[in-house]
Amino acid sequence: MEPVYRTLEIAAKAVVKVLGSQITYEGLDNIPRTGGAVVAINHTSHLDWMFAALAVHQRRRRMRFMIKSEMQQVKVVNYLIKHTKTVPVDREAGAEAYKAGVQLLRDGEVLGVMPEATISRSLELMEFKTGAARMALEAQVPIVPMIVWGSQRLWTKDHQTNLGHKKIPIMVAAGSPLPPEGEVDELTSALRGEMTLVLHRVQQQYPHPEGACWVPQRMGGGAPSPLEAARLDAEWASRRAAAKAARRPDTAGGPE
């Protein structure tokens, strides 16, 4: 029954109701009813995981996630991690998290993975990490491409949250499953290609006012280009590394 996860499902539905968002689902029959599967999700918002999980819930299944290990320092989040089969990931030593993810898949769970690893400022698909493909191949389960679109209007990088804005439509579309075949790089490339097709199809169905900050530059929007977004990401990473180094105790020197 998993009462903690059930509570989260109820809470997520309540949040959507409060927001007044109408969620349109497409291709959910591509999510297997039983057995393990990797669901690869694009990443444009802090809320993508919630809409993706609700899509999987439509198939009467629950999606497990991987989360950065720093979140364990937040007591409430750490409690949820322990009671929802969430896998904490130490980005500097991810072998244990990888093993845990593969085991979940072998146990017949649906595991949500965001191959871009971070929110895309350009709102286009970034380069993919290979973890989704590697886990699918090792566990011998399919990868289901999934696109969430519209959530960037609610809460994304570099913009104020817009959670008070009512009735923002959300689209969630699942593409054709990719079988666990071939080499890691080949499967990763195929996954990115399939997700690109689904993303463009969804975008064609969604109204995009010209110049809006939540619209990709390719479509006449105000989001940064992929090149500009890469520059902003590099600057952010540099600042983060400097801040982390400043917090680290100075172990150099000392008495001789």
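On a predicted model such as this, the values are computed, not experimentally measured, just so you know. (Residues numbered from 1 in each chain as written. Predicted model: local features only at pLDDT ≥ 70, side-chain atom pairs only at ≥ 80, totals over all residues. Heavy atoms only, no water.)

J.: Just checking my understanding: could you explain the overall build of the protein chain for this structure?
T.: The helix and strand inventory of the protein chain stands at 7 helices and 7 strands. Ordered by position from N to C terminus, the α and β elements of the protein chain give α-β-β-α-β-α-β-α-β-α-β-β-α-α. By its C-alpha atoms, the protein chain is 70 × 45 × 40 Å across when sized along the principal axes. Taken across its 256 residues, the protein chain has 44% of its residues classed as buried. Taking the average location of the 32 positive side-chain charges in the protein chain and that of its 27 negative ones, the two points are 9 Å from each other. (Helix = DSSP H or I, 4+ residues; strand = E, 2+ residues; numbered from the N terminus. Buried < 20%, exposed > 50% of the residue type's maximum accessible area, 1.4 Å probe, protein only. Lys, Arg positive; Asp, Glu negative; His and termini not counted. Charge placed at Lys NZ, Arg CZ, Asp CG, Glu CD.)

J.: Explanation requested: the side chain of Glu109 in the structure shown.
T.: Considering the arrangement of structural elements, one finds Glu109 in the loop between helix H4 (95-106) and strand S5 (110-113). Residue classification places Glu109 among the buried residues on the basis of a relative accessible area of 13%. Of note is the side chain of Glu109, whose polar atom sits 3.1 Å from the side chain of Arg64. If sequence neighbours within four positions are ignored, Glu109 has contacts with Gly35, Gly36, Ala37, Arg61, Arg62, Arg64, Lys85 and Leu104. (Polar contact = N/O pair within 3.5 Å; in protein donor to acceptor, adjacent residues only side chain to side chain. Contact = heavy atoms within 4.5 Å.)

J.: What exactly am I supposed to notice about the packing of helix H5 (residues 131-139) against helix H6 (residues 184-205) here?
T.: How two helices pack is summed up by the angle between their axes together with the distance between the axes. Between H5 and H6, the shortest axis-to-axis distance is 8 Å and the interhelical angle comes to 120°. You can see that H5 and H6 cross each other, and the crossing is right-handed. Across the interface between the two elements, Ala132, Ala133, Arg134 and Leu137 of H5 pack against Val184, Leu187, Thr188 and Leu191 of H6. (Axes fitted to C-alpha atoms, helices over the stretch in contact; angles between N-to-C directions. Left-handed = near helix turned anticlockwise from the far one by under 90°.)

J.: Sorry, what's going on with the side chain of Ser151 here?
T.: Assignment of secondary structure puts Ser151 in the loop between strand S6 (143-149) and strand S7 (170-174). Owing to a relative accessible area of 0%, Ser151 belongs among the buried residues under this scheme. A polar atom in the side chain of Ser151 sits 2.6 Å from the side chain of Asp48. Once you skip the residues sitting within four places of it in the chain, Ser151 turns out to touch Thr44, Ser45, Asp48, Phe51 and Ile170.

J.: What should I look at first to understand unusual backbone geometry in this one?
T.: With a phi close to 60°, Lys85 is a non-glycine residue in the positive phi region. For Lys85, the location among the structural elements is in the loop between helix H3 (75-83) and strand S4 (87-89). When its relative accessible area of 40% is taken as the criterion, Lys85 is described as partly exposed. Phi angles above zero are rare outside glycine, and Gln140 is one such case at about 55°.

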